[in-house]
Amino acid sequence: MGLSQPDTPTTGSTATAIPPDSDARKRRMLHLKTKEECRLGNETIQVWTVELPSKHAEGILKVIKEQIEGQDNIDLQHLRRFAKPKYLPQHVIGKRDLIKEMYAVPRGWESTPPTVVQAPSASWEWSSGNARKRGVDRSLTLYLLVCPSNIIPLREVHDLMLQHPPFCSSADSWAYPLEIKEVTVPRLAPTSPEQADEWSDLYWPTFYRKTNPFGAHPTSIGKAEADLEEPIADNVSVSAMMDLAEQAGTATEKLGYGISTGCIIVERADDQTEIIAVAGDARGKPLPSEGGSDDASIDTSFEDAGDKKTGGAFAKKTARKRRKKKEQEIAKLAETNACTSGNVMCHAVMRAIGMVGRKRLRVASQPISTRAAKAENGFYAAGLQRDEKARDAFFLDLPVTPLEQQYFTKDNLKPDGYLCLKLEIFLTHEPCMMCSMALVHSRVGRVIFKHRMPQTGGLTAEMVSNDSGPVGLGYGLCWRKELNWQFMCWEYTALKYASGSARQHVDGKASAAGHVARRSGATAGVQAKGAGYYGGEIDEGDDDDDAQDYSEHTTITAASSAAGDECANSRMHSLAHVHV
């Protein structure tokens, strides 16, 4: 994959100048499940239910609210309190009771004066024609969700119900047969309309209230997906940013500095985007003490080694095979050079965050610059020695390729911000544990990665099953309530996984549709054509390669070290002391 020429004019609106991603039509953004969603999403609870005549429904509900303490302690508002039999699963209804059926038959003598009960024709009137007509669209009985079964024992519920109509005899009617059942219902609200329909078929009629109790609101997710997959004119798209990230990773890999992983950081302000930082992996670049260069300046010997465009079907097929072969070589290299090998502070994410820190200091207003200089001088006054070359070589947050230099030199960052607050991160691969915590500490807004990393990734939460590929470590660091920051995260995965997932935020996107329509020059949606295999592509006429296991497309396959979190904290403290 070639690199953009360093002299190409590029701004935040230069996504149009970047070659489009060849598999943009085959990939979609799939919002990640949060840790709570994986852990609690299918949790169930036992509840008491009872069938009763519909005309007594409100009276019994009032009795329950007044007599059963704590019946509202567990929030079950996503479930219908009353349900018609035709909407319930068969196992909840069970076998019909003939006595109940007889009770439900309307009787003329309950509402007809005695003088007209016996008709002149000597035929008995069980019910009037009008009564049948009025009840034709009304369910004669309803099922009531009483309360969770752990709130009150069955015997107490039974005794309470027998004290009130219709379960006790009255002057109006005989006692309705009391049958209390314990059924299983979802403990928490569904996160999509599809999930609500599934639970309604399995358990009990369930509402989808266009919200997600486990993570970001569906409307926010839908707006973000519209911004990135259907950008307005001159704004960056997710496919273009993934292509640029791959270019950044290829550039540092060709220099022998690391593996082919890249990171792009974008700022979105006033509906306009700017590319702030571009960084490739450089974990293998030697430090000065190891015989490397004494500075971290750009390597001027680097040249663009982009692939030349060739025509013809044979050339295209050859290019696809070459690309897949290269991915396999990267995977083998990653097995040898684990996530913790080399200088872990030079992972693509860490380098890009460092570049943002340097830009923050460079564009800061005078009061902020003065305070930052005063804070740094305080460390020197305390006796700490200053070695800028060692610092720069260790963190390597200066550009080392023309592509990185091209974006680093531009002062296009809004001044006086906090680290990466609400910035958007585009990654070729899911970040490791250390880099994931660095993103949390940096207060990023959105993260999109292309390839899952089952053995090292820190953002995915699945540990048992996953719709779009293998399960991972299950930390789900992008959205955990016990952390002091959460951000939305997507996997840029194969179309068949994104479109077939039950977690599509349809209502969120519908709400965001108006937002997209109001923006001038909104582009048409990406054509939903083709299907992708996990972590790679499925190319027509290339069936032999398609059968390969998706694990070949995950490039970093080493278990991350527990010391990674400490490295992340150390990195963030260094940024605070040096670059802010």
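In the block above lies the structure referred to throughout.
Residues numbered from 1 in each chain as written. Predicted model: local features only at pLDDT ≥ 70, side-chain atom pairs only at ≥ 80, totals over all residues. Heavy atoms only, no water.

As for the side chain of N412
Mapped onto the elements of the fold, N412 is located in the loop between α14 (402–408) and β8 (424–429). The exposure class assigned to N412 is buried, which follows from its relative accessible area of 17%. There is a polar contact of 3.2 Å between the side chain of N412 and the side chain of E274. For N412, the side chain forms a polar contact with the main-chain oxygen of I275, separated by 3.0 Å. With residues up to four places along the chain from it excluded, the contact list for N412 reads E267, E274, I275, I276 and K359. (Helix = DSSP H or I, 4+ residues; strand = E, 2+ residues; numbered from the N terminus. Buried < 20%, exposed > 50% of the residue type's maximum accessible area, 1.4 Å probe, protein only. Polar contact = N/O pair within 3.5 Å; in protein donor to acceptor, adjacent residues only side chain to side chain. Contact = heavy atoms within 4.5 Å.)

What about the state of the cysteines?
Under the counting rule described, the total for this entry stands at zero disulfides. We note that C432 lacks a disulfide partner, and the nearest cysteine sulfur, in C435, lies 3.6 Å from it. (Disulfide = S-S within 2.5 Å.)

A look at the packing of aromatic side chains
In the structure shown here, the tally under the stated rule is two aromatic pairs. Above the ring of Y257, the side-chain terminus of K285 is found at 5.3 Å from the ring centroid. (Phe/Tyr/Trp six-rings, centres within 6.5 Å; stacked < 30°, edge-to-face > 60°. Lys NZ or Arg CZ within 6 Å of the ring centre and 35° of its normal.)

Quick look at the pattern of salt bridges
When the charged atoms of two side chains with opposite charge come close together, those side chains can pair. What the rule picks out here adds up to 16 salt bridges. Residue R446 is joined to E424 by a salt bridge in which the shortest nitrogen-to-oxygen separation is 2.9 Å. One end of the pair, R446, is in strand β9 (residues 446–451); the other, E424, is in strand β8, with 22 residues separating them in the sequence. By relative accessible area, which is 12% here, R446 ends up buried. One salt bridge in this structure joins R480 and E482, with 2.7 Å as the shortest N-O distance. Beyond isolated ion pairs, a larger network of salt bridges with shared partners links K223, D227, R268, E424 and R446. (Salt bridge = Lys/Arg side-chain N within 4 Å of Asp/Glu carboxyl O.)

Brief notes about the sheet that holds strand β4 (residues 141–148)
Spatially, the four strands line up as an open sheet ordered β3-β4-β2-β5, and their pairing is antiparallel. Whereas interior strands pair on both sides, the edge strands pair on one side only; in this sheet they are β3 (82–83) and β5 (180–186). Sheet analysis places strand β2 (residues 44–53) next to β4, joined by seven bridges and oriented antiparallel. Bridging from a neighbouring strand, T49 pairs with L145 of β4. Against the sheet, helix α6 (residues 154–161) makes contact with β2, β4 and β5, and its axis sits at roughly 120° relative to β5, the strand it touches most. (Pairing = 2+ DSSP bridges. Axes fitted to C-alpha atoms, helices over the stretch in contact; angles between N-to-C directions.)

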